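Notes for the structure review
Listed here are the chains, written in short residue letters.
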Amino acid sequence: EIVLTQSPGTLSLSPGERATLSCRTSRTTDTRSLAWYQQKPGQAARLLIYATSDRATGVPDRFSGSGSGTDFTLTISRLEPEDSAVYFCQQYVTSIFTFGPGTKVEIK
Amino acid sequence: EVHLVESGGGLVQPGGSLTLSCRDSGLTFSYYSMGWVRQAPGRGPEWISYISSTSGTIYNADSVKGRFTISRDNSENSLLLQMNSLRVEDTAVYYCVRARSGGYFDDWGQGTLVSVSS
């Protein structure tokens, strides 16, 4: 079983600042199989990034993903008020899909 | 744009059964793999079931193996989740999702709430 760990648990930043969210996997992960989602209260999750660094349709370019091996990062270059949400990483290995516990981003 | 609409949630007693449905109003349902992801109150998402476009491949999470059955009807653009032997810990919002190769979920329904309680 692959376990995903996300840090920090909560990030509190001001508009315009840069947010760096970490996702660590317990085993080496294929970069094609790592995704990031954004979830706002009362809403379903929304795909932001797939295959480690590819932005989903309609996602602003202030969102970017990077990483390899067991360490992956979601970066929000200039925070906007609407970026307040919980962000989950997710990976896939044959027949099993696993989500991380999430990082909450608060905008001051 | 993909539109996935779930239905069938509700309150059920432990040990009971429930069937969730998901209808896709788009034209490409039969082309894609689908799945179910649930989210318990205050928790992160948990993938529970996956079915390929032709129903030839099915995966289930250990937490629901032997109790939940996923199926689809491409002629009706519908996805089903038959849930038996429900437990209190199955209480969650259940989302229908479209699964892409690479193992990510690129579209989600609005969710349907399943509450298991006596």
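Throughout what follows, the structure given in this document is the object of discussion. Just so you know, these numbers come straight off a predicted model, no measurement behind them. All chains use their own residue numbering, which begins from 1 and follows the written sequence. Think of it this way: whatever chain is written first is A, whatever ligand is written first is 1, and the rest follow in order. Note on the predicted model: pLDDT of at least 70 is required for a residue's local features to be given, and 80 or more for side-chain atom pairs to be given and counted; whole-chain, interface and lining totals, by contrast, use all residues. The side-chain quantities take in all heavy atoms of the structure and omit both hydrogens and water.

1. Concerning the overall build of chain A
Filter applied, for reference: Elements are defined by DSSP. Helices are runs of H or I of four residues or more, strands are runs of E of two residues or more, and each kind is numbered from the N terminus. All radius of gyration figures rest on C-alpha atoms, and the globule criterion is 2.2 Å times the number of residues raised to 0.38. Any residue under 20% of the maximum accessible area for its type is buried, any over 50% is exposed, and the rest in between are partly exposed; the area is computed with a 1.4 Å probe on protein chains only. Note on areas: Shrake-Rupley, 1.4 Å probe, and residue coverage restricted to the protein chains presented here. Charge assignment: positive for Lys and Arg, negative for Asp and Glu; neither His nor the chain ends contribute. Here the site of a charge means NZ on Lys, CZ on Arg, CG on Asp, or CD on Glu.
Looking only at helices and strands, chain A has zero helices and 11 strands in total. Along chain A, from the amino end to the carboxyl end, the secondary structure elements read β-β-β-β-β-β-β-β-β-β-β. In summary, chain A has a C-alpha radius of gyration of 13 Å against a globular reference of 13 Å for 108 residues, a match within 12%. Reported as C-alpha extents along the three principal axes, the dimensions of chain A are approximately 40 × 25 × 25 Å. Burial statistics for chain A: of 108 residues in total, 44% are counted as buried. As displayed, chain A offers around 5100 Å² of accessible surface, 45% of which is attributable to carbon and sulfur atoms. A gap of 0 Å separates the mean positions of the 11 positive and 10 negative side-chain charges of chain A.

2. Quick notes on the sheet that holds strand β7 (residues 63-68) of chain A
Residues and elements named next belong to chain A. Applicable threshold: A strand pair is defined by DSSP finding two or more bridges across the two strands. To obtain an axis, a line is fitted to C-alpha atoms, over the contacting stretch when the element is a helix, and the angle between two such axes runs from 0 to 180 degrees between their N-to-C directions.
Reading across from one edge, β1-β3-β8-β7 is the order of the four strands in this open sheet, with antiparallel pairing throughout. Every other strand in the sheet has two partners, leaving β1 (4-7) and β7 as the edge strands with one partner each. Taken pair by pair, the neighbouring strands of this sheet meet at an average axis angle of 20°, ignoring direction. Sheet topology note: the β7/strand β8 (residues 71-76) ladder contains six bridges and is antiparallel. Residue pairing across strands places Ser-64 opposite Thr-75, the latter belonging to β8.

3. Some thoughts on unusual backbone geometry
A:Pro8 follows A:Ser7 through a cis peptide bond whose omega is -10°. Position of A:Pro8 among the secondary structure elements: in the loop between β1 and β2 (10-13). Backbone geometry places B:Asn77, a non-glycine residue, at a positive phi of 55°. As for its placement among the helices and strands, B:Asn77 is situated in the loop between β7 (68-73) and β8 (78-83).

4. Examining the interface of chain B and chain A
Quick note on the threshold: In this description, contact between two residues means that some pair of their heavy atoms is separated by no more than 4.5 Å. Buried area is understood as the total, over both parts, of accessible area removed when two parts are fitted together, assessed with a 1.4 Å probe. Whenever Lys or Arg places a side-chain nitrogen within 4 Å of a carboxyl oxygen from Asp or Glu, that contact is recorded as a salt bridge. Counting of polar contacts relies on pairs of N or O atoms within 3.5 Å, with two restrictions inside protein: one atom must be capable of donating a hydrogen and the other of accepting it, and residues adjacent in sequence are counted only when both atoms are side-chain atoms. In the scheme used here, Gly and all other residues not listed as nonpolar or charged are polar, with Ala, Val, Leu, Ile, Met, Phe, Trp, Tyr, Cys and Pro taken as nonpolar and Asp, Glu, Lys and Arg as charged.
The partner chain A presents 17 residues to the 16 residues of chain B that form the contact. Buried surface at the junction of chain B and chain A, summed over both partners, amounts to about 1400 Å²; 69% is from carbon and sulfur atoms. Of all residues in chain B, the largest losses of buried area upon contact with chain A belong to B:Trp47, B:Tyr104 and B:Trp108, amounting jointly to 35% of the total for that side. Scanning the region where chain B abuts chain A turns up zero salt bridges. The interface formed by chain B and chain A contains three residue pairs in polar contact (both at pLDDT 80 or more). Those elements that provide at least two residues to the side of chain B that touches chain A are β4 (33-39), β5 (45-51) and β10 (104-108) of chain B. Residue composition of the side of chain B that touches chain A, grouped by class: nine nonpolar, five polar and two charged.

5. So, the state of the cysteines
Residue and element names in this part refer to chain B. Convention followed: Disulfide assignment relies on a single distance test, namely cysteine sulfur atoms paired within 2.5 Å.
Using the criterion set out here, one finds two disulfides over all chains in the structure. Here Cys-22 is linked by a disulfide to Cys-96, with a sulfur-sulfur distance of 2.1 Å. Because the sign of the S-S torsion sets the handedness, a value of about -65° for the bond joining Cys-22 and Cys-96 places this disulfide among the left-handed ones. Here the residue Cys-22 occupies a position in strand β3 (residues 18-24), and Cys-96 occupies one in strand β9 (residues 92-100), the gap between them amounting to 74 residues. Of the two residues, Cys-22 and Cys-96, neither departs from the other in class, the shared state being buried.

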